[in-house]
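Observations on the three-dimensional arrangement
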Amino acid sequence: MATPEAGTLVSTIDVGARIDDITDATGWLGTLADEQGWPDATRFALELSLEEALTNVVSYGFAGTDRQPRIRIECWRLPEGRVAVRLIDNGVPFDPTSIAEPVVPDSIEDAKIGGHGVQLMRHFLETLDYNREGEENRLTLVAKPAG
Amino acid sequence: MKIERTPLGPDIILVRLEGRLDIAGAAAVEPEFKSSCEAARVLVVDLSNTPFMASIGIRLLLAGAKGLHRKGGTMGLFACDPQVEKVLRATGVDQLVGIHATRDEALAAAGVSPAT
């Protein structure tokens, strides 16, 4: 499995835990995609996955705590055309990789309207890897190689 | 994100979504999208200018489609960006809401004459 440490750190950004910070973070990633000339599929997969992961952190990571949010996002260039984004936050422990896949319903009446974020990350990424280190959640998103 | 609503008949509405259907975009268009679903029996959604859709967008579409289905109505999507179509298929939305190439096909699938 590709790990960020096997690559080169391209850029980092520190963001807050407000909805507007999600837009800032995906904008930062979009600028990197332009600068680095990522293929459309890589850009889409990482923007989508960062949006989903950060939405979870902003919505649930600090609820019910008086902790000052610290959220750092790193972008790594990996061998063989892969790109990784790592999200590090000091929110409550949350492992998105433990979330079960939603069942595709038979009818629109049975359909659940939410719960599709982790499903999308799994679909669009090559690797979705979580670990808890000390007081921090570390979620690594690796896009599939181009081509 | 912008939303443009065009009546095509007594209870047939065309909605055009323009921009990124992310958490900020969904918040911007939700009130108008919801009221369009409430007013329509047939709602066709033009996604030709929606280059990005996150799970919040899936939530918006499914909530609207459920409301329409409950009153015997229907929703159809058309002219999806290829990456957005992957999002719709990965989440199984394509099993619940029709995805069509053109507006006329979306209307025909809802039993509406394209000439409307």
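Identification of chain B as Anti-sigma factor antagonist from Xanthobacter flavus is taken from an unreviewed UniProt entry.

Within an unreviewed UniProt entry, the label attached to chain A reads Anti-sigma regulatory factor (Ser/Thr protein kinase), and the organism entered is Xanthobacter flavus.

1. Concerning the overall build of chain A
Regarding its fold elements, chain A presents 3 helices and 5 strands. Reading chain A from its N terminus to its C terminus gives the helix and strand order β-α-α-β-β-α-β-β. For 147 residues, the compact-globule estimate of 2.2 N^0.38 gives 15 Å, and the C-alpha radius of gyration of chain A, at 15 Å, lies within 12% of that figure. Burial analysis of chain A (147 residues in total) assigns 35% to the buried set. Long-range contacts, defined here as pairs at least 24 residues apart, represent 71% of the contacts in chain A between residues at least 6 apart.

2. With respect to the pairing of strand β3 (residues 42-53) of chain B
Residues and elements named next belong to chain B. Most of β3 is tucked away, with 9 of its 12 residues classed as buried. With helix α1 (residues 23-39) bridging strand β2 (residues 12-21) and its parallel neighbour β3, the resulting β-α-β unit is right-handed. By the bridge criterion, 5 bridges tie β3 to strand β4 (residues 74-78) in an arrangement that is parallel. What sits directly across from aspartate 46, in β4, is phenylalanine 78. Traced from β3 through helix α2 (residues 55-70) to β4, the parallel crossover comes out right-handed.

3. Some thoughts on the environment of Ala108(B)
Take Ala108(B): it is sitting in helix α4 (residues 103-109). For the pair Ala108(B) and Val93(B), spaced 15 residues apart in the sequence, the C-alpha separation amounts to 19 Å.

4. Observations regarding the sheet that holds strand β3 (residues 83-89) of chain A
All names here are of chain A. Here we have 5 strands laid out as an open sheet, ordered β1-β2-β3-β5-β4, and antiparallel in their pairing. Of all strands in the sheet, those with a lone pairing partner are β1 (8-15) and β4 (125-133), marking the two edges. Neighbouring strand axes in the sheet, compared pairwise and without regard to direction, differ in orientation by 15 degrees on average. Pairing geometry for β1 and strand β2 (residues 71-77), over 7 bridges, is antiparallel.

5. Some words on the nonpolar core
Grouped together as the largest cluster of nonpolar side chains are 71 residues, with contacts concentrated most on Val85(A), Leu141(A) and Leu43(B). Sort the elements by how many residues they give to this core and helix α2 (residues 40-61) of chain A lands first, with 9 residues. In this view, Leu43(B) contacts Ile13(B), Val15(B), Ser36(B), Cys37(B), Gly64(B), Leu68(B) and Met75(B); residues no more than four positions away in its chain are not counted.

6. A short note on helix α3 (residues 82-90) of chain B
All buried positions along α3(B) are accounted for by Val84(B), Val87(B) and Leu88(B). An end-on view of α3(B) places all buried positions within 95 degrees of arc, on one side of the element. Among the structural elements, α3 (117-124) of chain A together with β3 and β5 (98-100) of chain B are those in contact with the buried residues of α3(B).

7. What about the UniProt feature "domain: STAS" (unreviewed entry) in chain B?
Mapped onto the present numbering, the UniProt feature "domain: STAS" (unreviewed entry) falls at residues 10-110 of chain B. The span residues 10-110 of chain B carries 49% helix and 30% strand; its end-to-end C-alpha distance comes to 14 Å.

8. Quick look at the packing of α1(B) against α2(B)
All names here are of chain B. Relative to each other, α1 and α2 sit at 10 degrees, their axes nearing to 10 Å. Between α1 and α2, the crossing angle belongs to the class labelled roughly parallel. When α1 is examined against α2, the residues Ile23, Ala26, Glu30, Phe33, Lys34, Cys37 and Glu38 are found in contact with a partner set consisting of Ile56, Gly57, Leu60, Gly64, Gly67 and Leu68.

9. Concerning the pairing of strand β1 (residues 2-9) of chain B
Residues and elements named next belong to chain B. Bridge count between β1 and β2: 7 bridges; the pairing is antiparallel. Within β2, the residue paired with threonine 6 across the bridge is leucine 14. Counted along the chain from β1 to the antiparallel partner β2, the turn is 2 residues long.

10. Things to note about the interface of chain A and chain B
On the side of chain B, 20 residues touch chain A, which itself brings 22 residues to the contact. Those elements giving two or more residues to the side of chain A that touches chain B turn out to be α1 (19-36), α2 and α3 of chain A. The element contributing the most residues to the side of chain A that touches chain B is α2(A), with 7 residues. Its residues assigned to classes, the side of chain A that touches chain B shows 9 nonpolar, 8 polar and 5 charged.

Criteria and cut-off values
Residues numbered from 1 in each chain as written. Chains lettered and ligands numbered in written order. Predicted model: local features only at pLDDT ≥ 70, side-chain atom pairs only at ≥ 80, totals over all residues. Helix = DSSP H or I, 4+ residues; strand = E, 2+ residues; numbered from the N terminus. Rg over C-alpha atoms; globule rule 2.2 N^0.38 Å. Buried ≥ 20, exposed ≤ 12 C-beta atoms within 10 Å, placed from the backbone. Contact = placed C-beta atoms within 7 Å. Right-handed = clockwise from strand over helix to strand, strands pointing away. Pairing = 2+ DSSP bridges. Axes fitted to C-alpha atoms, helices over the stretch in contact; angles between N-to-C directions. Core = buried A, V, L, I, M, F, W, Y, C linked by C-beta atoms within 7 Å. Arc of directions from axis to C-beta. UniProt positions renumbered as here; feature names shortened; annotations may be inferred. Parallel < 35°, antiparallel > 145°, perpendicular 65-115°, else oblique. Nonpolar A, V, L, I, M, F, W, Y, C, P; charged D, E, K, R; others polar.

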